[in-house]
Amino acid sequence: MDPKTVEQSHRPELDISRIAPDSGQVRLLRRISNAREPGFVVVIQRSVLQAVHAHGESDTSVEICGVLVGNVYHDRISPYLLIEAHIPGDKATSQQTQVTFTAETWDSIQKEMEQKYPDKKIVGWYHTHPGFGVFLSGMDLFIQDNFFNLPWQVAWVYDPIARIDGVFVWHEGKSEKQDFLIEEDLGEWGYDFRAKLPDDQRPTTVETRRDKRMRSFRWITGVVLAFMICFLGVWFLLRYLSEIGFRVRLPIE
Ligand SMILES: [Zn+2]
């Protein structure tokens, strides 16, 4: 069978709109990158996105793949998929071939899931298209259809040369690209760790960058004012001294 001719199965039940609003646990979704549309949304944690990018950029001569790990949660707006980890898979054997998941790769992925992520699920897969853009090929659709065919399972494509991402979700049995959100990482205790760190160890945020700019602005203004006051002080002193009879030649007059 030529994978290029593969058509997706068009099972209408494969649709993100079928995901129940109260799926998974309640979890607040905060610190996200963009405005949120109503309805099921895909969210990836910043550190996971960076790790997937690093894996994809480790070899841009061939396609690289792996699986995405996480859970479905919901809040008062909608259910959402949170990608919380990744497990690296294989590289394609050559530039001419596409990535696939071999039986051995699946075995090792399953083992890692049991050991490291017993409370999480395989929520999709990722692979790279070095230099040829974000889309799903016939082989990619075949993989999505056969291995990631639950309504909330996604396909993530990353072009490590153009540095563009795309995530594909199920719409009436077809994989369609949808915008995703990035969640900034929380600390290991699950709350905002910045509040606990001393000033010099806090990650830079928009606010502290602005503070830094304000600090340097105040500092420069202070130095300029101090210099002017000193200069005027010396000038008036010299003027006074010359007036009361000291023979001082003023540098400016
Ligand atoms: Zn592909």
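Residues numbered from 1 in each chain as written. Predicted model: local features only at pLDDT ≥ 70, side-chain atom pairs only at ≥ 80, totals over all residues. Heavy atoms only, no water.

1. Concerning the nonpolar core
Across soluble globular proteins, nonpolar side chains show a tendency to be buried alongside one another. V67, F101, I109 and F148 are the most contacted members of the largest nonpolar core, which totals 23 residues. Of all the secondary-structure elements, those providing two or more residues to this core are β3 (64-74), β4 (79-91), α2 (103-116), β5 (121-128), α3 (138-147) and β6 (154-159). With sequence-adjacent residues up to four places away left out, F148 is seen in contact with V67, F101, W106, I122, G124, W125, I143, Q153 and W170. With 21 residues, the next largest nonpolar core counts I16, F40, L68 and W152 among its residues. (Core = buried A, V, L, I, M, F, W, Y, C linked by side-chain atoms within 4.5 Å. Buried < 20%, exposed > 50% of the residue type's maximum accessible area, 1.4 Å probe, protein only. Helix = DSSP H or I, 4+ residues; strand = E, 2+ residues; numbered from the N terminus. Contact = heavy atoms within 4.5 Å.)

2. Side note on the packing of aromatic side chains
Counted by the stated rule, this structure contains ten aromatic pairs. Relative to F148, the ring of W125 lies with its centre 5.9 Å away and its plane at 10 degrees, an arrangement referred to as stacked. Taken together, the positions of W125 in strand β5 and F148 in the loop between α3 and β6 put the pair 23 residues apart, joining distant regions of the chain. In this pair, the class of W125 matches that of F148, namely buried. Members of the aromatic cluster, joined through ring pairs, are F101, W106, W125, F147 and F148. Seen from the ring of Y73, R27 lies directly overhead, with NZ or CZ sitting 5.4 Å from the centre. (Phe/Tyr/Trp six-rings, centres within 6.5 Å; stacked < 30°, edge-to-face > 60°. Lys NZ or Arg CZ within 6 Å of the ring centre and 35° of its normal.)

3. Here we look at the coordination of the zinc ion
Taken together, the protein ligands of the zinc ion are H127 (NE2), H129 (NE2), D140 (OD) and D140 (OD), with distances of 2.0 to 2.7 Å. For the zinc ion, the four donor atoms in the first shell make angles of 54 to 163 degrees at the metal, so the coordination geometry reads as irregular. Along the chain, the residues donating to the zinc ion fall in the pattern H-x1-H-x10-D. Note on H129: relative accessible area 1%, which makes it buried. (Donors = N, O, S within 2.8 Å, 3.2 Å for Na, K, Ca; no water. Tetrahedral: all angles 85-135°; square planar, octahedral: opposite > 155°, others 65-115°.)

4. Quick look at the pattern of salt bridges
This model, assessed by the stated rule, comprises eight salt bridges. Residues R36 and D75 are paired through a salt bridge, measuring 2.7 Å at the closest nitrogen-oxygen approach. Residue R36 is located in the loop between β1 (25-26) and β2 (41-45), and its partner D75 is located in the loop between β3 and β4; the two are separated by 39 residues in the primary sequence. Just as R36 is buried, D75 falls in that class too. Where D119 meets K120, a salt bridge forms, and the shortest distance between an N and an O atom there is 3.9 Å. When its relative accessible area of 56% is taken as the criterion, D119 is described as exposed. A relative accessible area of 22% places K120 in the partly exposed class. (Salt bridge = Lys/Arg side-chain N within 4 Å of Asp/Glu carboxyl O.)

It is worth stressing that arrangement in space is one thing and function is another; only the former is reported here.
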